[in-house]
Amino acid sequence: MQTKPEKDTELRDKVNRETARLPWTELLKHFAQGNVVWVADSLDLVDVAVRISHDDKDNIARWMEAGLLAKVSDQQAQGWLESNAQLWASVVSPFILVQQQKAVPANLH
């Protein structure tokens, strides 16, 4: 029996431990294969990875329609290459989910 994504604490912990910051240059070969998916910074990267693992089609479709989840575009890839970007990355085979670092509010500096 498959658990609900929001209750799958074991998978959530595993995904969280395996999430890391990587330079975009290390992800270029995966991008060339069409396997890199951008996650908007308004979403929780770990939550998205867990929901994709559970094949949560409703939420995935909603995020895609809202422009919050998409394959990385050529423009994004070029911008990250030019800025030597570091991205948070999480693997949900065959995809690598990436997210830019969330902006820290000015009052927290």
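- In the nomenclature of an unreviewed UniProt entry, the chain is known as DUF2288 domain-containing protein of Duganella zoogloeoides.

1. Considering the overall build of the chain
(1) Moving on: Counting its regular elements, the chain contains five helices and five strands.
(2) Moving on: Counting every position in the chain, which comprises 109 residues, the buried fraction comes to 38%.
(3) Moving on: Counted over contacts in the chain with a minimum sequence separation of 6, partners at least 24 positions apart contribute 76%.
(4) Moving on: A total of about 7000 Å² of accessible surface is found on the chain, and carbon and sulfur atoms cover 51% of it.

2. Focus: the packing of aromatic side chains
(1) Moving on: Under the criterion given, the structure shown has two aromatic pairs.
(2) Moving on: Residues Trp24 and Trp80 carry aromatic rings whose centres are separated by 5.0 Å and whose planes lie at 70 degrees to one another, so their mutual orientation is edge-to-face. Of this pair, Trp24 sits in the loop between strand S1 (20–23) and helix H2 (28–32) while Trp80 is found in helix H5 (residues 74–82), placing the two residues 56 residues apart along the sequence. Take Trp24 and Trp80: they sit in the same class, and that class is buried.
(3) Moving on: Taking the ring centre of Trp88 as reference, the NZ or CZ of Arg21 above it sits at 5.8 Å.

3. Quick word on the pairing of strand S5 (residues 95–100)
(1) Moving on: The sheet contact formed by strand S2 (residues 36–39) and S5 spans three bridges and is parallel. Counterpart to Val37 in the pairing with S5 is Leu97.
(2) Moving on: Where strand S4 (residues 86–92) meets S5, six bridges bridge the pair, whose relative direction is antiparallel. Among the inter-strand pairings, Leu87 is bridged to a residue of S5, identified as Gln100.
(3) Moving on: A loop of two residues connects S4 with S5, the two strands running antiparallel in sequence.

4. Things to note about the sheet that holds S4
(1) Moving on: Spatial strand order, S1-S4-S5-S2-S3: five strands in an open sheet with mixed pairing. Edge positions in the open sheet fall to S1 and strand S3 (69–71), since each of these has one partner strand only. Taken over all neighbouring pairs, the strand axes of this sheet differ in orientation by 40 degrees on average, direction set aside.
(2) Moving on: Strand direction decides the pairing type here: S2 and S3, joined by three bridges, are antiparallel. From the neighbouring strand, Val39 faces S3, where its bridge partner is Leu69.

Thresholds applied
- Residues numbered from 1 in each chain as written.
- Predicted model: local features only at pLDDT ≥ 70, side-chain atom pairs only at ≥ 80, totals over all residues.
- Heavy atoms only, no water.
- Helix = DSSP H or I, 4+ residues; strand = E, 2+ residues; numbered from the N terminus.
- Buried < 20%, exposed > 50% of the residue type's maximum accessible area, 1.4 Å probe, protein only.
- Contact = heavy atoms within 4.5 Å.
- Areas by Shrake-Rupley, 256 points an atom, 1.4 Å probe, with all protein chains shown as cover.
- Phe/Tyr/Trp six-rings, centres within 6.5 Å; stacked < 30°, edge-to-face > 60°.
- Lys NZ or Arg CZ within 6 Å of the ring centre and 35° of its normal.
- Pairing = 2+ DSSP bridges.
- Axes fitted to C-alpha atoms, helices over the stretch in contact; angles between N-to-C directions.

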